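Structural description and commentary
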Amino acid sequence: MATKCFKGYTDHYNGVTISSKEEFCTSEVFTHRLTASLQQWIQNKKRTIWFRVYLPHSEWIPLLVKEGFIFHHAKQEYVMLYRWLVKNEECNVPHYAHTNLGIGGFVYNQETKEILVIKEKYSNRAAMWKLPGGYVEPGEDLENAVKREILEETGIQTTFKCIIGFRHVHDYAFGCSDIYMVAYLSPVTCDIKKCEKEVSECKWMKVNDYLNHPEVYESNKIIVKKMLEIFKHGMGIVVEHTIQPVTNKPSCIYSISKINL
């Protein structure tokens, strides 16, 4: 019976991550290998042991749970389980994906004094007039996300100007907290081509009409009022693109600055 240990790779927190793609073995072999590995990891004072188990190797999951591993997160192709080995310290592994991020667009036509609004086709209550928007995709910058969502829902191409603000709620979609940003954009095109799958109505609406419309949530009216304040003082939360010094990857820095209205 094979009793060699899993290799995995060590992270800078003195933890170890094992991938089922790289070190797959049958259930029978896995049980003995896991026992031997746990003994070695405890002896070497490792902290957190991670197993990334891909769908074809899901037979590992109940065996890991039996040995005290718990779920951390899951994606379409794998599930991540972990076990904290340090007995005299409280587990400090952070929660995963506890907050969803979305963004909507205040698209304002300065010539006509109108904003772009939609009614969603699917709603758990009577549809209200709202700003177009949606969830930010993994790896997507805020400005690209809001321009994409507006284009997909309304067919309108836009230029990103600044962030107006955001709202924060808890126990929302999937039981997660939820942050929803709102950005100010100017239209590049004006001819609406709404998404037939998701949007029941889409149109340009006068700002004053929107503020006084009975089918608009008060929270959305607050956003419009804040945007009118921005028009007065010409300041907003703008984005600067830079490089993150630790990862050496593109980074976006948002700060209050003068904007070109």
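All of these numbers come straight from a predicted model, not from anything done at the bench.

**Let's talk about the overall build of the chain**
Of regular secondary structure, the chain possesses five helices and 13 strands. Here the chain has a C-alpha radius of gyration of 25 Å; the compact-globule value for 261 residues is 18 Å, and the former is much larger. Its C-alpha atoms put the chain at 75 × 40 × 30 Å along the principal axes. Buried positions account for 43% of the 261 residues belonging to the chain. Element-wise, carbon and sulfur atoms account for 53% of the exposed surface of the chain, whose accessible area totals about 15,700 Å². Considering the chain, the positive charge centre built from 32 side chains and the negative charge centre built from 30 side chains are found 3 Å apart.

**Considerations on the UniProt feature "domain: Nudix hydrolase" (unreviewed entry) in the chain**
As annotated by UniProt and renumbered to match this structure, "domain: Nudix hydrolase" (unreviewed entry) occupies residues 98-228. Along residues 98-228, the helical share is 23% and the strand share 40%, with 33 Å between the first and last C-alpha atoms.

**Section: the side chain of S20**
Residue position: S20 is located in the loop between β2 (16-19) and α1 (27-43). Within polar-contact distance, the side chain of S20 engages the side chain of H57 at 2.7 Å. Once residues within four sequence positions are removed from consideration, S20 is found in contact with R52, V53, Y54, H57 and W60.

**Thoughts on the state of the cysteines**
Taken as a whole and judged by the stated rule, the model has zero disulfides. Of all cysteine sulfurs in the structure, the one in C25 sits closest to C5, which takes part in no disulfide; the separation is 12 Å. The structure places no disulfide on C176, whose sulfur is separated from the nearest cysteine sulfur, that of C91, by 19 Å. On the accessibility criterion, C176 (13% relative accessible area) is buried.

**Considering the sheet that holds strand β4 (residues 70-74)**
In spatial order, the strands read β1-β2-β3-β5-β4; together these five strands make up an open sheet with mixed pairing. If you trace the sheet from one side to the other, it starts and ends with β1 (9-10) and β4, each paired once. Across two bridges, the pairing between β1 and β2 is antiparallel. Opposite T10, over in β2, you have V16 as the bridge partner. In the packing of α1 onto the sheet, the strands contacted are β2, β3 (48-54) and β5 (78-84), and the crossing angle to β3 comes to about 155 degrees.

**Topic: the packing of aromatic side chains**
Any aromatic ring pair is given by two values, namely how distant the centres are and how the planes are angled relative to each other. Tallied over the entire structure, the rule returns 16 aromatic pairs. Seen from their ring centres, F6 and F51 are 5.5 Å apart, and the 85 degrees between their planes marks the pair as edge-to-face. Taken as a pair, F6 in the segment before β1 and F51 in strand β3 lie far apart in primary sequence, 45 residues in all. Grouping residues by exposure puts F6 and F51 together as buried. Among the aromatic residues, those joined into a ring-pair cluster are F6, F24, F30, W41, F51, W60 and F69. Just above the ring of Y54 sits the side chain of K21; from NZ or CZ to the centre is 4.4 Å. For the cation-ring pair, R33 lies above F6, with the distance from its terminal atom to the ring centre recorded as 5.7 Å.

**Comments concerning the environment of S177**
Mapped onto the fold, S177 is located in strand β10 (residues 177-187). Counting along the chain gives 76 residues from S177 to L101, while the straight-line C-alpha distance between them is 8.9 Å. With sequence-adjacent residues up to four places away left out, S177 is seen in contact with H98, T99, N100, H168, V169, H170 and D171.

**Remarks on the nonpolar core**
Ranked by size, the top nonpolar core spans 22 residues in total, and within it F106, I115, I164, Y184 and Y210 carry the most contacts. Mapped onto this core, the elements with two or more residues apiece are β6 (99-109), β7 (114-120), β9 (158-169), β10, α4 (207-212) and α5 (218-233). Ranked by residues supplied to this core, first place goes to α5 with four residues. Leave out the neighbours within four places in its chain, and F106 touches I115, L131, I164, V182, A183, Y184, L185, V224, M227 and F231. Membership of the second largest hydrophobic core comes to 20 residues, among which are L116, I118, V136 and F160.

Parameters and conventions
Residues numbered from 1 in each chain as written. Predicted model: local features only at pLDDT ≥ 70, side-chain atom pairs only at ≥ 80, totals over all residues. Heavy atoms only, no water. Helix = DSSP H or I, 4+ residues; strand = E, 2+ residues; numbered from the N terminus. Rg over C-alpha atoms; globule rule 2.2 N^0.38 Å. Buried < 20%, exposed > 50% of the residue type's maximum accessible area, 1.4 Å probe, protein only. Areas by Shrake-Rupley, 256 points an atom, 1.4 Å probe, with all protein chains shown as cover. Lys, Arg positive; Asp, Glu negative; His and termini not counted. Charge placed at Lys NZ, Arg CZ, Asp CG, Glu CD. UniProt positions renumbered as here; feature names shortened; annotations may be inferred. Polar contact = N/O pair within 3.5 Å; in protein donor to acceptor, adjacent residues only side chain to side chain. Contact = heavy atoms within 4.5 Å. Disulfide = S-S within 2.5 Å. Pairing = 2+ DSSP bridges. Axes fitted to C-alpha atoms, helices over the stretch in contact; angles between N-to-C directions. Phe/Tyr/Trp six-rings, centres within 6.5 Å; stacked < 30°, edge-to-face > 60°. Lys NZ or Arg CZ within 6 Å of the ring centre and 35° of its normal. Core = buried A, V, L, I, M, F, W, Y, C linked by side-chain atoms within 4.5 Å.

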